[in-house]
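Now for the letters of each chain:
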Amino acid sequence: YYTNASLNVILPRHLLSSWDWGTTNIHKESMTHATDFDSVQGFTYQKIAEDYDIIFNDDGAGEVADLVAVRHTADHIVVDLYHCKYCSSGHQPGARVNDAYVVAGQASRSAKWLHKGPELFQRLLNRYSNDQERLLKGTPQKIDFLRLKSRDVEMRMGFFIVQPAFSVHEVTDSVMTVLGTSYMYLRDIADVDIRVIASP
C-alpha cells in the first residue's frame, strides 16, 4: 500500500553536501588518464584517496561506478560506489531536474552488486588486465585477496552521487524528489543511504 506522501519522498537534506571545486573543470566528467585531475572524476579521486586502500576507475560501458573505492577492516569490507556527473557546458550550478535523472538511475542500477563481492572484485581484475591505468590506488594482488575474503566476511556497500551541477543553495524539491527515488530504493533493498555531493 502506498500513500501520496510515500510516492514523492525527497532526499533528506542532511544527505546533501557540497565541495569547493576551486578551478576544477566541472564541465568535464571523466579522467582521460590516471593523473588527469582536472575533471569531476579526477577531483573526486583526490578528495577521497586518503580514505581507502583501493580506488578503481571503472568509468565506461557497463561500469559498476565511475570510482569504486574499497577499505578493508578486520571484520568487513567497505565498498563505496561514486557516480560522477558533469555540469553541462554553458551552465553554472543550479537546480536543473534533468541533471538528476541520469545519475540517480545509475546509482540505483549499481545496487545489483550488493551481496556479490567475489563477482565485483573479479570484474575489477578483468578490467585491470585490459587497462592497468584504471587502478588509481592499491594493487591487483590486494583486489584478488579481497575477492577471496569477500566470500567469508561482510561487504558493506555505500552509494554516492557527485554532481557539481547541483547547488545546495538553489536545489529545489523537484530535484530532491528525483534523488529521493534512489534514496528510497536503496533504503528499501539494502537499508543504506545515498549521499549526494554538489556545489555550494
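Within every chain, residues take consecutive numbers counted from 1 along the sequence as written. For this predicted model, a pLDDT threshold of at least 70 governs which residues receive local features, and a threshold of 80 or more governs which side-chain atom pairs are given and counted, while totals over whole chains, interfaces and linings are taken from all residues. Hydrogens and water molecules were not included; the side-chain quantities draw on all heavy atoms of the structure.

## Remarks on the overall build of the protein chain
Next up, step 1: From N to C terminus, the protein chain includes six helices and seven strands.
Next up, step 2: Strands are runs of DSSP state E lasting at least two residues, helices are runs of H or I lasting at least four, and both sets are numbered from the N terminus onward. Starting at the N terminus and ending at the C terminus, the protein chain contains elements arranged as α-β-α-β-β-β-α-α-β-α-β-α-β.
Next up, step 3: C-alpha atoms define the radius of gyration, and 2.2 Å times the number of residues to the power 0.38 defines the globule rule. Against the 2.2 N^0.38 benchmark of 16 Å for 200 residues, the protein chain shows a C-alpha radius of gyration of 17 Å, consistent with a compact globule.
Next up, step 4: The dimensions of the protein chain, computed from C-alpha atoms along their principal axes, are 45 × 45 × 30 Å.
Next up, step 5: Looking at the protein chain as a whole, 50% of its 200 residues are labelled buried.
Next up, step 6: Only heavy atoms matter for contacts: two residues are in contact if any of them lie within 4.5 Å across the pair. A sequence separation of at least 24 residues applies to 70% of the contacts in the protein chain between residues at least 6 apart.
Next up, step 7: Where accessible areas are quoted, they stem from the Shrake-Rupley method and a 1.4 Å probe; at the residue level, only the protein chains shown are allowed to cover. Surface accessibility of the protein chain: about 9,800 Å² in total, with carbon and sulfur atoms responsible for 48%. Each residue gets one of three labels from its accessible area relative to the maximum for its type: buried under 20%, exposed over 50%, partly exposed in between, using a 1.4 Å probe on protein chains only.

## Points about the nonpolar core
Next up, step 1: If you look at the biggest cluster of nonpolar residues, it comprises 44 residues, and the most contacted ones within it are Val68, Val79, Phe121 and Leu179.
Next up, step 2: Of all the elements, helix α6 (residues 173-190) adds the most residues to this core, at six residues.
Next up, step 3: When neighbours within four sequence positions are excluded, Val79 is seen to be in contact with Val68, Ala69, Val70, Leu120, Phe121, Met155, Arg156, Met157 and Gly158.
Next up, step 4: Core analysis: the second largest hydrophobic core is formed by 21 residues, Ile26, Met31, Ile55 and Ile197 among them. Buried residues of nine kinds, namely Ala, Val, Leu, Ile, Met, Phe, Trp, Tyr and Cys, make up a nonpolar core once their side-chain atoms join them within 4.5 Å.

## Some points on the environment of Ile161
Next up, step 1: Residue placement: Ile161 occurs in strand β6 (residues 154-167).
Next up, step 2: With a relative accessible area of 1%, Ile161 lands in the buried category.
Next up, step 3: C-alpha separation for the pair Ile161 and Arg195, spaced 34 residues apart in sequence, amounts to 6.2 Å.
Next up, step 4: Setting aside chain neighbours within four positions, we find Ile161 in contact with His83, Val103, Ala104, Ala107, Leu179, Ile194, Arg195, Val196 and Ile197.

## Thoughts on the packing of aromatic side chains
Next up, step 1: The pairing test for Phe, Tyr and Trp rings, Trp by its six-membered ring, is centres within 6.5 Å, and the orientation test on the planes gives stacked under 30 degrees, edge-to-face over 60, and tilted for anything in between. Taken as a whole and assessed by the stated rule, the structure comprises six aromatic pairs.
Next up, step 2: When the ring of Phe37 is compared with that of Tyr45, the centres are 6.1 Å apart and the planes differ by 20 degrees; the resulting orientation is stacked.
Next up, step 3: Judged by relative accessible area, Phe37 falls into the partly exposed class, the value being 29%.
Next up, step 4: When its relative accessible area of 12% is taken as the criterion, Tyr45 is described as buried.
Next up, step 5: Between Tyr52 and Tyr82 the ring centres are 6.2 Å apart and the planes differ by 85 degrees, which places this aromatic pair in the edge-to-face class. Of the two residues, Tyr52 is situated in the loop between α2 (40-48) and β2 (54-57) and Tyr82 in strand β4 (residues 76-84); the sequence distance between them amounts to 30 residues. When sorted by exposure, Tyr52 lands in the same class as Tyr82, which is buried.
Next up, step 6: In this structure an aromatic cluster arises from ring pairing among Trp19, Trp21 and Phe43.

## Points about the sheet that holds strand β1 (residues 16-18)
Next up, step 1: Following DSSP output, two strands are said to pair if at least two bridges run between them. Taken together, seven strands build an open sheet; the order of strands is β1-β7-β6-β4-β3-β2-β5 and the sheet is mixed. The sheet terminates laterally at β1 and β5 (135-137), the two strands that pair on one side only. Direction aside, the axes of adjacent strands within the sheet are offset by 25 degrees on average.
Next up, step 2: Sheet analysis places β1 next to strand β7 (residues 194-199), joined by three bridges and oriented parallel. Residue Leu16 lies in a different strand from β7, and its bridge partner there is Val196. Convention adopted: a line fitted to C-alpha atoms gives each axis, helices being fitted over their contacting stretch, and angles between N-to-C directions are expressed from 0 to 180 degrees.

Purely geometric numbers; function is a separate question.
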